[in-house]
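Listed below are the residues making up each chain.
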Amino acid sequence: MTAIVLIVLPPVSRRHALGDRRRAVTGPRSLRVSSLAEYGYCDEHLVHLLALTPKIRRMTGSAPSGDFGQGLTVGELLGHEVMEGAELVAGRQGLSHSICALNVMTVPDIGPWVKPDEFLLATGYPLPRDDVGQAELLRGLRRLGLAGIGVKIDRYLPDLSTTAVATAEELGLPLVLIPEHIRFDDILSHTFSTIVNRQAAALERAHELHQSFLAVTLTGGGLNQLARKLSHLLGDAGVFISDQHGIVRTQTGDVTRADELDLVHDGRLIIQRLRDGAAGGNEGEQGRLIRPIRAGSLQHGFVVAIETSRAFGEFDQVAVDQAAVIAALEFTRDLAVSARERQFSSNALYELMTGAESEIADSAARGFGFGWDLDREVVVLVSRKDGADDHGNAAQKRLANERALEFWISAVHGKDRKAAAAGLGAELVAVVGAEHGTPVAVRSIQAEVAQFVRGEYAVGVSRVHRGPLGIPVAYQEARSALRVGRKIGGPGAVAAYDDLGLFKLLAQVEEAELQTFVDEVLGPLTKLPEQERNELLKTLETLVEFNMNMAETARHLHYHYNTLRYRLAKLERLLGPFSSSTATAVKVFVALQIRQMPTIASTHQS
């Protein structure tokens, strides 16, 4: 039921009205009331509904229009019996303008009190008397977004000028002549009751819409049912629900236009392309709507609707807005459930990797319930983010870590459905089949995670072990490989324990000591001019690579054999007889290995 509040004022004399007018110059609402009384258009009672306008607009946020709010238009107002006898003299193209409020012109400078989408009622008294003044007034009102203006001709202004009529026609501003017998309070009463009733109906429909979407969540329908419900409400429009990276979680309806516009690629929405397409104008008119899925300050994804044959109206936009709210509930619930499941799997994996031998069998049995296959040759992967995360507040960092874990699990299971994957503190851990522990497979997992998370993740890979009993040792190997690999390979390194060689020992030594050792062994070489230093270092590294084989080294460097002999002699004068002395050769080889470590290399480059 819709309640309409009427404030009825008693008749006022001309003297009191003039007094009210003098006191009302600072307040537009009281000015309107007093002036209506002063000029006799209230008769015995004044229907004061203007005060409802702000409340109505706050309820819906804006004037309803289109198929949702069925907003009152200028054409509808003129077609009502209350306006019988009124004449539209200009601005027919503006009859579709929506009216969200009425205003009454009581002073010439009405501009400060005019709001967009208002219909203005005026007598001849406050209107300019000259042609230019009338035209400028109409232009100013249209710039303010006025929907239309109705003028009651009286003794102060017997007629409108042809210039005013032509200007209104040019602006598309409906200009209506109101006969003497039509009372302003009748127009006010009818218009505001219509607006309030229609907006109340719009709010009720929005509430019903919200309840129908909410029922999807309460009955466990999930994102799939939510998308189907939204598509049905939008006339089988294409509907996509994605995460914040555009990965489509569900889609339904007619998605042909999305394919035509190439908005989906490899299961991902091209969000930026959607935004760019909507940037040129009203997105609803272009048959596409995109709404973020937010819960507080956290963004979980997007709801996207795409229509092939029509523009979206206001009801459609409200429906997509409501669907985004419900989708946020679904994402939040899924995150909570996934977090609990991940906690259980993390506990099981932690016990498997750190427990006593007698406990490993029980942990492996629990892992079977998660779909893990551990009774085979396996490799352990341990990954960790490089550097500190300084982006966002605590909640955003927590969400980012949860998503990184989610993408890690997804990437691992994309390679091996029977793998165990979980998070252990700041580490991302996985136990995969041996065939999925190759450098190519591991880098593929790393690259997939890198698509969706900020920062680089290094990965350590263990040796191959058989069955659950070998997993604790494999876990320690993978952690060692991760730690050493980050030192020798830098951010984003992938290091296998079997390939570390001498670096396993070097990683145990302080960097300052390593630097001192390099300076002692290679110091005379590093002090040479840059071009000569670089040429000799390249020669030295190639000699070591080809096990001091002069012929192979010369061919690889495209040197004459005698040129290489000359360079070798020069290197041995600087570094010692490394071609004949095993002790010197070992020192040179170790120094060259240390130079490959990023922190040492950057020191020498600087």
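Everything below is about the structure shown above.
**Considering the environment of Ala 147**
Looking at the secondary structure, you find Ala 147 in the loop between α6 (131–143) and β6 (148–152). Look at Ala 147 and you get buried, because its relative accessible area is 1%. Once you skip the residues sitting within four places of it in the chain, Ala 147 turns out to touch Val 74, Gly 94, His 97, Ser 98, Ile 99, Asp 117, Glu 118, Leu 173 and Pro 174.

**Overview of helix α8 (residues 184–218)**
Across its 35 residues, α8 extends 50 Å between first and last C-alpha, which sits within 8% of the 51 Å expected from 1.5 Å per residue. Note on α8: the residue one or two positions beyond its end, Gly 220, has a positive phi of about 75°.

**Describing the packing of aromatic side chains**
The geometry of two aromatic rings is summed up by the distance between their centres and the angle between their planes. Scanning all chains against the criterion turns up two aromatic pairs. Between Tyr 125 and Tyr 156, the ring centres sit 4.8 Å apart and the planes meet at 75°, which makes this aromatic pair edge-to-face. Residue Tyr 125 is located in the loop between β5 (118–123) and α6, and its partner Tyr 156 is located in the loop between β6 and α7 (162–171); the two are separated by 31 residues in the primary sequence. By relative accessible area, which is 25% here, Tyr 156 ends up partly exposed.

**A word on the sheet that holds strand β7 (residues 175–177)**
Strand pairs in the sheet, formed through backbone hydrogen bonds, run parallel or antiparallel to each other. Spatially, the five strands line up as an open sheet ordered β3-β7-β6-β5-β4, and their pairing is mixed. Each having just a single partner strand, β3 (87–90) and β4 (101–105) make up the two edges of the open sheet. Taking the axes of each pair of neighbouring strands and ignoring which way they run, one obtains an average angle of 25° across the sheet. With five bridges connecting them, β5 and β6 associate as parallel partners. Bridge pairing links Leu 121 to Gly 150 in β6. α7 rests against β3 and β7 of the sheet, and its axis sits at about 85° to β3. Along the sheet, α8 makes contact with β4, β5 and β6, crossing β4 at roughly 155°.

The rules behind each value
Residues numbered from 1 in each chain as written. Predicted model: local features only at pLDDT ≥ 70, side-chain atom pairs only at ≥ 80, totals over all residues. Heavy atoms only, no water. Helix = DSSP H or I, 4+ residues; strand = E, 2+ residues; numbered from the N terminus. Buried < 20%, exposed > 50% of the residue type's maximum accessible area, 1.4 Å probe, protein only. Contact = heavy atoms within 4.5 Å. Expected span 1.5 Å × (residues − 1). Phe/Tyr/Trp six-rings, centres within 6.5 Å; stacked < 30°, edge-to-face > 60°. Pairing = 2+ DSSP bridges. Axes fitted to C-alpha atoms, helices over the stretch in contact; angles between N-to-C directions.

As far as function goes, none of this settles anything; it's purely spatial.
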